[in-house]
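Chain residues, written in single-letter form:
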Amino acid sequence: MQFPACGYGGGMMLATRKVDSMVQFLLFRSRCLRSSGHFGQPRSLEIYRLHCHQVPRGLPIVGYLPFLGSDIHRTFTHLAGVYGPIYKLWLGSKLCVVLNSPSLVREVVRDQDTTFADRDSLIASLTISYGGNDIAFSSYGPEWRKLRKIFVREMLSNASLDACYALRREEVKKTIRDVYDKIGTPVKIGELTLLTVINAVMSMVWGGTVQGEKGSDIGAKFREVLSEIMVLLAKPNVSDFFPRIARFDVEGIEKRMKNHLHWCDRIFNSAIDQRRNMDGAIEEGAGKNEERKDFLQYLLELKEREGAATSITLTQLKALLMDIVIGGTDTTATMVEWAMAELMMNPEVMKNVNEELNEVVGLNNTVEEFHLPKLRYLDAVVKEALRLHPAIPLLVPRRPSQTCNVGGYTVPKGAKIFLMFGLSRGILSFGTIPQNFRQRGS
Ligand code: HEM
């Protein structure tokens, strides 16, 4: 069986030559001390510790880039076995620090979350997020807080999600019918789930606006565009590691991403125009606003609001839509695909899941969202799949806004921080885990 690919894509081989590691060390050290001096901090022994002892060997100019391999998170896990839970390496001209222990990750995402709130954005991610006008890639500050508040407290509130439950249910039912019709023939779980998730997310985003065939056409085309976008987001880009040559866009990643942005932008603009026309017709009394409010309607209302504290710009609106359609689709589909793959590899666990579904839902019924709190064994299986196969194993790399101390080591401002989330807790066999979650049927 071929397992789904993890979030980060292939490594990049660059022409290299052997180097005296002492020269490299001196190069690293002088850069680091320069940066610490710049921010008015004393030359620190901690920096010396980090730079002296925790350095996987690299090559001149390209650093460790040629050795990353195709599974960067596995390479980092291997390096952690050699260099410990915190080490630094150079990828091109970029200083990177890798954290590979739950306590260090906690220090960054919880204890020093403000310092590490900024993401180390790639050219591809900045391009597709309208120059970082979204939640995932905008810098920490009032605008980011406003967008996050809108997204978490209002769009993803229970009330808002309950309001569009029927749309999600309909898409899942369609898929189940489709699979049922194909009994006895192979099913591509990954493709099937991705299409279901894309249709469900599109439905929630503008289901009340772009309806019928036009909506499903967009869903099908979006699947193609999304696959390309995910590849470009995961592909190491020379321009990110050598900012001085970024303007040449050597691999053409920025250009291809811009093309995808333009395609998405056209779709967003057309949906916005349709919504405005519908609202215009309602105001003139030509119709009644009886349809369910979709996310787009809600965001357009925010855009029309007075006052910078609660209103959003058109660019922010479109960047938020992009976050939802990109952030919510591939991640969910990858997770489902991994869970199914693990279940197929572990018949005992599959049997337990089936038994629980029979007990809680019944053979002739469809699983509904209200069943979920009672499906505790299934819940444990999903969590285990997420833990073993995180859709984004390194999260989104962070960038400290000031030089700071993590686990006793000084981490310079502007470094790229990789957080080994999930895998840092060790790899266990899927089949053995559910023994801890046998409280079924309660
Ligand atoms: C199984 C499904 C999902 C997984 C595994 C997943 C995973 C992640 C991860 C790992 C991050 C980065 C967190 C960090 O670096 O701190 C993230 C951020 C984000 N995700 Fe998801 N996600 C999923 C579903 C969704 C859905 C359904 C949506 C939208 C409806 C969404 C929207 C976002 C957004 C907007 C961010 C940026 C949040 C921020 O910067 O604070 N995700 N997700």
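Small disclaimer: the values here were computed from a predicted structure and weren't measured.

To continue, consider the sheet that holds strand β2 (residues 94-99). Taken in spatial order, the three strands line up as β1-β2-β5 in an open sheet, and their pairing is mixed. Where the open sheet ends on each side, the last strands, each with one partner, are β1 (86-91) and β5 (416-419). With strand direction ignored, the average angle separating the axes of adjacent strands in the sheet is 25 degrees. Bridge count for β2 against β5 is four bridges, and the pairing is parallel. The partner of Val-98 across the bridge, within β5, is Phe-418.

Moving on, we come to helix α9 (residues 189-206). In an α-helix, one turn spans 3.6 residues; hence positions three or four apart end up facing the same way. Look at α9: 26 Å from first C-alpha to last across 18 residues, which is about the 26 Å you get at 1.5 Å a residue. Within α9, 14 of the 18 residues are buried, which leaves the element mostly enclosed by the surrounding structure.

In this model, helix α17 (residues 376-388) (13 residues) spans 18 Å end to end at C-alpha, consistent with the 18 Å of a helix rising 1.5 Å per residue. Taken as a whole, α17 has its buried residues at Tyr-377, Leu-378, Ala-380, Val-381, Glu-384 and Ala-385. Projected onto a plane normal to the axis of α17, the buried residues spread over an arc of 155 degrees and lie on a single side. The elements touched by buried residues of α17 are α15 (330-345) and α16 (347-360).

For the rest of this paragraph, the subject is the site of the ligand. Close to the ligand lie 15 residues, the nearest being Gly-327, Gly-328, Thr-331, Ala-391 and Leu-395. Contributions of two or more residues to the shell around the ligand are made by α6 (142-155), α14 (314-327) and α15.

On to the packing of α15 against α17, then. Interaxial distance between α15 and α17 falls to 9 Å at its minimum, and their mutual angle equals 110 degrees. Judged by the inter-axis angle, α15 sits roughly perpendicular to α17. Facing Met-335, Trp-338, Ala-339 and Glu-342 of α15, the residues of α17 in contact are Val-381, Val-382, Ala-385 and Leu-386. Considered class by class, the residues forming the contact of α15 with α17 number seven nonpolar, no polar and one charged.

This paragraph deals with unusual backbone geometry. Even without being a glycine, Asp-249 presents a positive backbone phi close to 45 degrees. The phi dihedral of Leu-395 falls on the positive side, at around 50 degrees, and the residue is not glycine. When you line up the elements, Leu-395 lands in the loop between α17 and β3 (404-406).

The next subject is the pairing of β1. With six of its six residues buried, β1 lies for the most part within the structure. In β1, alternate side chains face the same way, and those of Ile-86, Lys-88 and Trp-90 on one face and Tyr-87, Leu-89 and Leu-91 on the other are all buried. Bridge analysis of β1 against β2 gives six bridges, and the strand direction is antiparallel. Within the sheet, the bridge partner assigned to Ile-86 lies in β2 and is Leu-99. What sits between the antiparallel neighbours β1 and β2 is a turn of two residues, in which Gly-92 has the positive phi angle 60 degrees.

So, on to the environment of Gly-63. Residue position: Gly-63 is located in the loop between α2 (45-53) and α3 (72-83). For Gly-63, a count of 27 C-beta atoms within 10 Å puts it in the buried group. A sequence separation of 26 residues divides Gly-63 from Leu-89, and the C-alpha atoms of the two residues are 7.3 Å apart.

Let's shift gears to the environment of Ile-218. Within the secondary structure layout, Ile-218 lies in helix α10 (residues 212-234). When the C-alpha atoms of Ile-218 and Met-202 are compared, they prove to be 8.8 Å apart, with 16 residues separating the residues in sequence.

So, about the nonpolar core. With 52 residues, the main nonpolar core has Val-201, Val-205, Leu-321, Met-322 and Val-381 as its most contacted residues. Considering every element that reaches this core, the biggest residue donor is α9, with ten residues. Mapping this core onto the domain boundaries places at least three of its residues in each of domain 2 (143-325) and domain 3 (332-389). Setting aside chain neighbours within four positions, we find Val-201 in contact with Ile-324, Val-325, Gly-328 and Thr-329.

It is worth spelling out the confidence of the model for the protein chain at this point. Overall, the predicted model of the protein chain reaches an average pLDDT of 80, with 78% of residues at or above 70. At the level of individual helices and strands, the protein chain shows its lowest average pLDDT in helix α1 (residues 21-38), which scores 32, and its highest in helix α5 (residues 123-128), which scores 97. Taken together, the stretch residues 1-48 has pLDDT below 50 and engages in 73 contacts with residues farther than four places along the chain or on a different chain.

Conventions we followed
Sequence positions are assigned chain by chain, starting from 1 and proceeding in written order. Predicted model: local features are reported for residues with pLDDT of at least 70 only, side-chain atom pairs are reported and counted for 80 or more only, and whole-chain, interface and lining totals are derived from all residues. What makes two strands pair is DSSP finding at least two bridges between them. Under the DSSP-based scheme used, a helix requires at least four consecutive residues in state H or I and a strand at least two consecutive residues in state E, with every element numbered from the N terminus. All axes are obtained by fitting lines to C-alpha atoms, using only the stretch in contact for helices, and the reported angles, taken between N-to-C directions, cover 0 to 180 degrees. In this analysis, the expected span of each helix is defined as 1.5 Å times one less than the number of residues it contains. Residues are called buried when their C-beta atom has 20 or more other C-beta atoms within 10 Å, exposed when it has 12 or fewer, and partly exposed otherwise; all C-beta atoms are positioned from the backbone. Within this analysis, the arc is defined by the directions that extend from the helix axis to the C-beta atoms. Throughout, a pair of residues is in contact if the C-beta atoms placed from their backbones lie within 7 Å. Here, nearness means that the C-beta atom of a residue, built from backbone geometry, sits within 6 Å of the molecule or strand in question. Each angle gets one of four labels, with under 35 degrees taken as roughly parallel, over 145 as roughly antiparallel, 65 to 115 as roughly perpendicular, and the rest as oblique. For this scheme, ten residues count as nonpolar: Ala, Val, Leu, Ile, Met, Phe, Trp, Tyr, Cys and Pro. Four count as charged, namely Asp, Glu, Lys and Arg, and the remainder, Gly too, count as polar. In this usage, the nonpolar core is the set of buried Ala, Val, Leu, Ile, Met, Phe, Trp, Tyr and Cys residues whose C-beta atoms join them within 7 Å. Where a domain begins and ends is set by an automatic assignment or by a domain database. Per residue, pLDDT captures the predictor's confidence, and it can take any value from 0 to 100.

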